[in-house]
Amino acid sequence: MNEVKTIVGNIKKGIIAPIYFLMGEEPYFIDIVSDYIEDHVLQEDQKGFDQIVLYGQDVTVPAIIDYARRFPMMSDRQVIIVKEAQNLRATIDQLVPYVENPTPTTVLVFCYKYEKLDARKKLLKTLQKNKDCVLLESKKLYENQVVAWLPDVLKKKHLSIQPKAIQMLVDFLGTDLSRIQNEVNKLALIVPENTEVTPEIIEKNIGISKEFNNFELKSAIAANDAYKIARILKHFADNPKDNPLVMTLTVLYGYFQQLLAFHGLTDQTDKNVMATLKVPVFAIKDLRSGAQHYPMKRVSAIIATLRQIDLKSKGLGATNNLSEADLRKELIIMLQA
């Protein structure tokens, strides 16, 4: 995230590189940089002549180089943005000669999403060697990093947020930054500025129940509260569209994996738990509580069962395809064992 801020900050200062190669599993940060270049490097009246957007599936590397070697018509530089550049992977090394000697009046941007360049590719080494080029690897964030990132996103919308509301969002939306940003944008249109976003606001405007959600399920499991666990899972079963099984399995699998790692720590101070397990401070309470109710052996058995249920939900590991209702029953049996 800091690297993205640096790149955008340099562009604002007029420090603009001839090549931006933006790659990685997290498309959100790639979009931030490419969108900023698309929106701000050229004036609106210059874009019609000197800004081109290409798509990897529709263009060849030689054609991209031909565009890049041209001179701008109405400004000091031209901008060429290649979206879905990962579709060029088979021929991507053909860019090497251009990267070695880029046209100084061209800003060439590659959006290489969901993966990164093969380390064996000559192009990666050439990009790393040329100090005039900007190479960004956009990595998926850990849950604790998303939790830390969310308040800053809301702050830009003149909003703040309570910790429980943050966790509700993360448990419901996962670590998909684009989805989270979309929901924040919706909130900003509905909620007055300088409002503190609460679980009640999340429930009312995003459709996540403050009582029946994966965050509350995780806390109920940590406390070994059988009644609450049963109530939440029944609500999920009655409202499957709003509570997809795959998301519940993902949240529970992540929790029990963390719990297993917590059991293995010799230093269980808050500071070490946060640093080692990559969890926010308010998640530690559920780990400590869970460790009292679920010994390591049972945690391992639960993880194995969650994997089996996940496979069955995908049509694997079962003689007949089980319904989602049957799989939810297996989940209940597992947690009551």
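Please read all numbers here as calculations on a predicted model, not as lab measurements.

Peer 1: How would you sum up the overall build of the protein chain? Please name residues and give values.
Peer 2: Within the protein chain one finds 17 helices and 7 strands. Within the protein chain, the proportion of its 337 residues that are buried is 46%. Sequence separation of 24 or more characterises 75% of the internal contacts of the protein chain that already satisfy a separation of 6 or more. Total accessible area on the protein chain stands at roughly 17,500 Å², and carbon and sulfur atoms take up 52% of it.

Peer 1: If you had to explain the UniProt feature "domain: DNA polymerase III delta N-terminal" (unreviewed entry) in the protein chain to someone new, which residues and values would you point to?
Peer 2: With numbering matched to this structure, UniProt assigns "domain: DNA polymerase III delta N-terminal" (unreviewed entry) to residues 20–131. Secondary structure within residues 20–131 divides into 38% helix and 21% strand; the distance between the first and last C-alpha atoms comes to 11 Å.

Peer 1: Quick one: what's the story with the pairing of strand 2 (residues 51–55), residue by residue and with numbers?
Peer 2: Where strand 2 lies against strand 3 (residues 78–83), 5 bridges are found, and the strand directions are parallel. Bridging from a neighbouring strand, Y55 pairs with K83 of strand 3. As a crossover connection, the stretch from strand 2 through helix 4 (residues 61–69) into strand 3 is right-handed.

Peer 1: Can you lay out the pattern of salt bridges for me, pointing to particular residues and giving the numbers?
Peer 2: Taken as a whole and assessed by the stated rule, the structure comprises 17 salt bridges. The salt bridge partner of E38 is K83, with a shortest N-O separation of 3.7 Å. Taken together, the positions of E38 in helix 2 (residues 27–40) and K83 in strand 3 put the pair 45 residues apart, joining distant regions of the chain. The class of K83 is partly exposed, set by a relative accessible area of 23%. Overlapping salt bridges bring together K164, E216 and K228 as one network.

Peer 1: Explain the sheet that holds strand 4 (residues 106–113) to me, and be specific about the residues and the numbers.
Peer 2: Spatial strand order, 2-3-4-1-5: 5 strands in an open sheet with parallel pairing. Of all strands in the sheet, those with a lone pairing partner are strand 2 and strand 5 (133–137), marking the two edges. Averaged over neighbouring strand pairs, the angle between their axes works out to 10° when direction is ignored.

Peer 1: Hey, could you go over the packing of aromatic side chains for me, with residue numbers and the actual values?
Peer 2: Taken as a whole and judged by the stated rule, the model has 6 aromatic pairs. On the numbers, 5.5 Å between centres and 40° between planes, the contact of F21 with Y112 is tilted. With F21 in strand 1 (residues 19–24) and Y112 in strand 4, this residue pair connects regions lying 91 residues apart in the sequence. Pair check on accessibility: F21 and Y112 agree, each one buried. On the basis of an interplanar angle of 85° and a centroid distance of 5.4 Å, the ring pair of Y28 and W149 is categorised as edge-to-face. Of this pair, Y28 sits in helix 2 while W149 sits in helix 7 (residues 143–156), and the two are 121 residues apart along the sequence. Each member of the pair, Y28 together with W149, is buried. Three or more aromatic residues joined by ring pairs make a cluster, and in this case those are F21, F110 and Y112.

Peer 1: Account for helix 4, naming residues and giving values.
Peer 2: Regarding helix 4, the residues found buried are V61, I64, I65 and A68. Angular distribution of buried residues about the axis of helix 4 spans 100°; they occupy a single face of the element. Against strand 2, strand 3, helix 5 (96–100) and strand 4 lie the buried residues of helix 4.

Peer 1: Break down the state of the cysteines for me, with residues and values.
Peer 2: As enumerated under the stated definition, the model contains 0 disulfides in all. Looking at C111, it has no disulfide partner, and the nearest cysteine sulfur is the one in C133, 15 Å off.

Peer 1: Report on the nonpolar core, specifying residues and quantitative values.
Peer 2: Grouped together as the largest cluster of nonpolar side chains are 48 residues, with contacts concentrated most on Y20, I37, L150 and I202. Apart from the residues lying within four places of it in its own chain, the contact partners of I37 are I11, Y20, Q51, V79, V107 and V109. Within the second largest apolar cluster, 33 residues are counted, among which are I221, L306, I309 and L335.

Peer 1: An account of the packing of helix 11 (residues 214–222) against helix 13 (residues 245–263) is requested, with residue identities and associated values reported.
Peer 2: Packing of helix 11 against helix 13 brings their axes to within 10 Å, and their N-to-C directions diverge by 40°. Relative to helix 13, the element helix 11 lies oblique. The chirality of how helix 11 crosses helix 13 is right-handed. Contact residues: N214, L217, K218, I221 and A222 in helix 11; M247, T248, V251, L252, Y255 and F256 in helix 13. Taken together, the residues of the contact of helix 11 with helix 13 break down into 8 nonpolar, 2 polar and 1 charged.

Conventions used here
- Residues numbered from 1 in each chain as written.
- Predicted model: local features only at pLDDT ≥ 70, side-chain atom pairs only at ≥ 80, totals over all residues.
- Heavy atoms only, no water.
- Helix = DSSP H or I, 4+ residues; strand = E, 2+ residues; numbered from the N terminus.
- Buried < 20%, exposed > 50% of the residue type's maximum accessible area, 1.4 Å probe, protein only.
- Contact = heavy atoms within 4.5 Å.
- Areas by Shrake-Rupley, 256 points an atom, 1.4 Å probe, with all protein chains shown as cover.
- UniProt positions renumbered as here; feature names shortened; annotations may be inferred.
- Pairing = 2+ DSSP bridges.
- Right-handed = clockwise from strand over helix to strand, strands pointing away.
- Salt bridge = Lys/Arg side-chain N within 4 Å of Asp/Glu carboxyl O.
- Axes fitted to C-alpha atoms, helices over the stretch in contact; angles between N-to-C directions.
- Phe/Tyr/Trp six-rings, centres within 6.5 Å; stacked < 30°, edge-to-face > 60°.
- Arc of directions from axis to C-beta.
- Disulfide = S-S within 2.5 Å.
- Core = buried A, V, L, I, M, F, W, Y, C linked by side-chain atoms within 4.5 Å.
- Parallel < 35°, antiparallel > 145°, perpendicular 65-115°, else oblique.
- Left-handed = near helix turned anticlockwise from the far one by under 90°.
- Nonpolar A, V, L, I, M, F, W, Y, C, P; charged D, E, K, R; others polar.

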